[in-house]
Amino acid sequence: MSAIYTLITGASSGIGRSIAIELSSSKNLIIHGRNLAKLEETKKMCLNSNRHLIWLHDLENIEEIASSLQIFLKESHIFVEVFIHCAGIAVAIPMKSSNLTISMKMMNINFFSATEIISTLLKKKINFCNLINIIFISSIWSNYGSIAHAVYSASKSALDGLMRSLAVELAPLIRVNSILPGAINTPMAEQCLADPEINAKFKQDYPLGLGKAEDIANAVVFLMSEKSRWLTGQQIIVDGGRTINMSLK
Amino acid sequence: MDTFLKNLAEILEIDEIKTIDRFQDFPEWDSLAVLSVIAMIDAEYQISIHSSDIKGIVNPEELFKLICSKKSK
């Protein structure tokens, strides 16, 4: 069996799970998350289930990410070729009611975990220069504003800032890009979509309707393919036309 | 209930709030306060409620009943 793997963080549900399923026929996967039962579910839904591995780690535990990943790779005798950062949380809270605990949790899981993982994967002693592709699952809120999502937006903006500089720093061997999804029908968005008012507004705002997790997985497949070989440092917006919709009603 | 009232008072930036005080009577009660209340309920009681759920709610007592009814489901 090949020792070359694709690492997907946040693969226990939603977009991460969909990406895992989509890639499972052609890649060896490291399916990451913090809930073993859900990760086992994802693994079962994948093709070639036996060849995929589970890395269990809570990314909120930021200081132990590097050592946990290093030990996991060493014990499994594998290397990472593609890193897809899908893990993320969104806490809707107005700035006035926010606090450092909530902000740090979002920044750690959405942003700092990516820097810790990439820093680990770039070390020759650990990953032997196998990394060639980094894909961040960002958000359209990286570039735009939204009430009660200031820190979440900032965490995604930080991710995209990191993406651009890394694309320059790591070229020509490693390509780095972000995908910016709009509203996707996932467990994370379920709470929002259950509100009839928000649901109706979403339907009005999205010219192509709400997206599916598979729509994002398809963009990942493109960014991993040779067809995107000259593409780096870019935000790929996949949002059903949400951000170009200037309709007055 | 005491902690619940204390959290509401903090969001509304007042010293205290009673169970039958009307939310509408507080100048800080606006759409952002509603979002803060939703976040507080999610954090304290692990319950998801929506802005539309709070629309007909008049006072803390009614809001607490809503939480209890959601919690028992």
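Residues numbered from 1 in each chain as written. Chains lettered and ligands numbered in written order. Predicted model: local features only at pLDDT ≥ 70, side-chain atom pairs only at ≥ 80, totals over all residues. Heavy atoms only, no water.

Caption draft 1: Quick look at the environment of B:Gln24. Residue and element names in this part refer to chain B. As for its position among the elements, Gln24 is in the loop between α1 (2-12) and α2 (31-45). Residue class for Gln24 comes out exposed when judged on its relative accessible area of 58%. Taking the C-alpha atoms as reference, Gln24 lies 8.5 Å from Asn59; in sequence the two are 35 residues apart. (Helix = DSSP H or I, 4+ residues; strand = E, 2+ residues; numbered from the N terminus. Buried < 20%, exposed > 50% of the residue type's maximum accessible area, 1.4 Å probe, protein only.)

Caption draft 2: A look at helix α3 (residues 65-76) of chain A. All names here are of chain A. Along its 12 residues, α3 runs 16 Å from first to last C-alpha, staying within 8% of the 16 Å computed at 1.5 Å per residue. Along α3, the positions that sit buried rather than exposed are Ile65, Ser68, Leu69, Phe72 and Leu73. Viewed end-on, α3 has its buried residues packed into an arc of 125°, placing them on one side of the element. Within α3, the exposed residues directed more than 90 degrees away from the buried face are Lys74 and Glu75. (Expected span 1.5 Å × (residues − 1). Arc of directions from axis to C-beta.)

Caption draft 3: Just the side chain of A:Ser228, in detail. Residue and element names in this part refer to chain A. For Ser228, the position within the fold is in the loop between α9 (213-224) and β7 (235-238). Residue Ser228 is classed as buried on the basis of its relative accessible area, which comes to 1%. A polar contact is formed between the side chain of Ser228 and the backbone oxygen of Leu223, at a distance of 3.2 Å. Here Ser228 is in contact with Arg175, Phe222 and Leu223, once residues within four sequence places are set aside. (Polar contact = N/O pair within 3.5 Å; in protein donor to acceptor, adjacent residues only side chain to side chain. Contact = heavy atoms within 4.5 Å.)

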